[in-house]
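Structural overview
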Amino acid sequence: MATTPLRFTSVGGASTGGIRVRGVASGGGASNDNPGIRSVSFPYSSRYSEDSRPGLLTLTRASMASLSRVEKLEVDMTLSPRVNAVKPSKTVAITDLATALFQAGVPVIRLAAGEPDFDTPKDIAEAGVKAIREGYTRYTPNAGTLELRTTICHKLKEENGLSYTPDQILVSNGAKQSIVQAVLAVCAPGDEVIIPAPYWVSYPEMARLADANPVILPTLISNNFLLDPKLLESKLTEKSRLLILCSPSNPTGSVYPRELLEDIAKIVAKHPRLLVLSDEIYERIIYAPATHTSFASLPGMWERTLTVNGFSKVFAMTGWRLGYLAGPKHFVAACGKIQSQTTSGASSISQKAGVAALGLGYAGGEAVAKMVKAFKERRDYLVQNFRKLEGVKISEPQGAFYLFLDFSAYYGSKAEGFGIIDGSESLCKYFLDKAQVALVPGDAFGDDACIRISYAESLNTLKEAMERIRQAVLSLKPVGAAF
């Protein structure tokens with residue numbers, strides 16, 4: 001009887017007679033029970049050999065049935081329900097796709113990522129280099145170095161009117177870590193996390209990771225995407241645990257005026273269980289006459305506010321991974337417990353750079369002022385030109401570096417060679433296909449009527465992107481709206 005030897009290795013174990021599969025033969029002649037397997041040979045004592053080659057024992061299909069049953073066992077590939085409930089980030093997915101296309105030689109203009117195009121200011125970078133050269137490369141305390149936490153306290157006092165002590169500061173590997181730890185620390189299963197939409201893509205998913213329920217409150221472009229206090233009040237329940245506010249906003253660039261925040265604070269004060277997470281990562285990328293107000297600075301709000309900030313956006317330090325949380329010690333210590341059992345403290349090198357960043361001067365000094373000036377010039381150019389496109393609705397951003405544009409007038413139109421534009425995702429696919437410009441669909445942010453454009457690119461790049469988008473839009477026709 002002809003056989004095709006397959007090698008097994010003697011490893012011990014009663015269930016397989018001391019044999020483990022190393023490979024499976026392919027080709028014709030396999031039985032239905034053992035597809036692709038014809039016979040097996042394995043190294044063993046030569047006194048058992050029935051093969052012409054010393055040291056090999058040949059087994060037929062019939063004699064290896066028990067081995068094939070072992071081979072067919074499959075690994076349990078199920079994931080936890082908590083992870084299955086979390087959606088992947090569309091901003092990351094689209095950015096990765098655009099980068100892959102660009103690296104493959106496709107001239108894609110990438111306007112999807114929320115990352116400044118500027119280099120980290122020189123003084124900050126040199127502080128990091130100095131830390132390496134001087135051997136400052138070991139673990140720091142879990143909460144961050146005392147030097148950096150003290151510097152953060154000074155910054156919050158001078159710029160935000162907030163008083164904290166170093167033990168009320170937790171330095172983390174980016175503001176994203178600060179936020180998710182805060183959500184995990186204060187939310188119990190079944191609690192409600194109140195999130196105005198449009199929202200940063202990660203807020204609802206962080207709530208789900210904590211087994212909490214995200215409660216989405218829509219806003220209107222006609223109201224600059226700002227939360228209506230009356231709507232907030234109508235949606236609060238005994239399960240409401242955390243309200244997340246982001247000002248300046250990602251993705252809209254909206255800035256909450258102090259008067260509106262005061263109205264929101266009055267409502268929050270009526271609910272003892274309700275805390276507020278104030279995401280202020282874009283606080284210094286703001287355009288006059290708009291001004292930034294820290295929610296914790298409002299009367300009665302310090303005790304119930306978790307303030308998150310960082311270095312990525314304002315100081316162009318995205319790759320340094322450095323953020324922080326400020327709040328009552330009770331909550332900050334709870335977040336610190338999570339951090340101590342997951343990542344531990346932030347990079348020692350990045351922390352030295354963070355001290356240098358906060359030493360540049362009020363609001364980042366001249367280095368940050370130059371970046372903000374460039375962002376404003378880019379914003380003004382895009383707003384002026386998108387207003388010329390038929391059917392596009394705009395809320396002019398007052399901060400950050402995003403435009404959130406309502407293109408819903410084009411939904412339902414048919415693009416030649418592409419098909420029907422039926423929402424923000426298909427529109428962004430159309431722009432990527434037709435114009436080779438990568439944008440993020442608004443449904444990722446909770447508003448399918450819009451798309452997000454990051455203007456964290458040079459003005460020349462934005463001018464080229466604007467022309468490509470304009471040409472692509474000319475091939476479409478607004479549907480069902482009067483202009």
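Here's what I pulled together on the structure shown here. No experiment lies behind these values; they were computed from the predicted model shown.

1. Some details on the overall build of the protein
Scanning the protein from N- to C-terminus turns up 14 helices and 18 strands. Taken across its 483 residues, the protein has 50% of its residues classed as buried. The long-range fraction of contacts in the protein, counting pairs at least 24 apart against all pairs at least 6 apart in sequence, stands at 70%. Total accessible area on the protein stands at roughly 22,700 Å², and carbon and sulfur atoms take up 53% of it.

2. Considerations on the pattern of salt bridges
Where charged atoms from two side chains of opposite charge approach closely, those side chains can pair. Per the stated rule, a full pass over the model turns up 24 salt bridges. A salt bridge links Lys 270 to Glu 233; its shortest N-O distance comes to 3.1 Å. With Lys 270 in the loop between α9 (258–268) and β10 (275–279) and Glu 233 in helix α8 (residues 229–235), this pair connects stretches of sequence that are 37 residues apart. Judged by its relative accessible area of 56%, Lys 270 falls in the exposed class. In this structure, Arg 379 and Glu 396 form a salt bridge, with 3.6 Å as the shortest nitrogen-oxygen distance. With Arg 379 in helix α12 (residues 365–386) and Glu 396 in the loop between α12 and β13 (402–406), this residue pair connects regions lying 17 residues apart in the sequence. On the accessibility criterion, Arg 379 (4% relative accessible area) is buried. Given the relative accessible area of 29%, Glu 396 is considered partly exposed.

3. Topic: the sheet that holds β10
By definition, the strands of a sheet pair up through backbone hydrogen bonds, in either a parallel or an antiparallel sense. In spatial order, the strands read β6-β12-β11-β10-β9-β7-β8; together these seven strands make up an open sheet with mixed pairing. Only two strands of the sheet have a single partner each, and these edge strands are β6 (169–172) and β8 (213–218). Sheet twist, expressed as the mean angle between neighbouring strand axes with direction ignored, is 20°. Pairing between strand β9 (residues 240–246) and β10: five bridges, direction parallel. In the sheet register, Leu 245 faces β10, and the bridge partner there is Ser 278. Across the sheet, helix α5 (residues 146–160) touches β6, β11 (305–310) and β12 (323–326), and the angle it forms with β6 is around 115°.

4. Examining the packing of helix α6 (residues 175–186) against helix α7 (residues 202–209)
At their nearest, the axes of α6 and α7 sit 9 Å apart, and the two run at 40° to each other. On the basis of their axis angle, the class for α6 and α7 is oblique. Crossing hand, α6 versus α7: right-handed. Counting all contacts with α6, which are made through Lys 176, Ile 179, Val 180, Val 183 and Leu 184, the residues of α7 involved are Ser 202, Tyr 203, Met 206, Ala 207 and Leu 209. Partitioned by chemical class, the residues of the contact of α6 with α7 number eight nonpolar, one polar and one charged.

5. Notes on α6
For α6, which comprises 12 residues, the first-to-last C-alpha distance of 17 Å matches the rise-based estimate of 16 Å (1.5 Å per residue) to within 8%. Where burial is concerned, most of α6 is hidden: nine out of the 12 residues are buried. Of the residues making up α6, those classed as buried are Ala 175, Gln 177, Ser 178, Ile 179, Val 180, Gln 181, Ala 182, Val 183 and Val 186.

Reading the values: rules and limits
- Within any chain, residue numbers begin from 1 and follow the written order of that chain's sequence.
- A pLDDT threshold of at least 70 governs which residues receive local features in this predicted model, and a stricter bar of 80 or more applies before side-chain atom pairs are shown or counted, although totals over entire chains, interfaces and linings include all residues.
- Each side-chain value is worked out from all heavy atoms of the structure, with water and hydrogens disregarded.
- The helix and strand labels rest on DSSP assignments: H or I over at least four residues marks a helix, E over at least two residues marks a strand, and numbering proceeds from the N terminus.
- Buried, partly exposed and exposed residues are distinguished by accessible area as a fraction of the type maximum, computed with a 1.4 Å probe on protein chains only: under 20%, between the cut-offs, and over 50%, respectively.
- Any two residues whose heavy atoms approach within 4.5 Å are treated as being in contact.
- The Shrake-Rupley method, run with a 1.4 Å probe sphere, supplies the accessible areas, and residue values consider only the shown protein chains as cover.
- Any Lys or Arg side-chain nitrogen located within 4 Å of an Asp or Glu carboxyl oxygen qualifies as a salt bridge.
- Two strands make a pair as long as DSSP finds a minimum of two bridges between them.
- Lines fitted to the C-alpha atoms define the axes, with helices restricted to the stretch that makes contact. Angles between their N-to-C directions range from 0 to 180 degrees.
- Relative orientations are named as follows: roughly parallel for angles under 35 degrees, roughly antiparallel for angles over 145 degrees, roughly perpendicular for angles from 65 to 115 degrees, and oblique for any other angle.
- Left-handed describes a crossing whose near helix is turned anticlockwise from the far helix by less than a right angle; the clockwise case is right-handed.
- Side-chain classes are defined by residue name, with Ala, Val, Leu, Ile, Met, Phe, Trp, Tyr, Cys and Pro counting as nonpolar, Asp, Glu, Lys and Arg as charged, and the others, Gly among them, as polar.
- An expected span of 1.5 Å times one less than the residue number is assigned to each helix.

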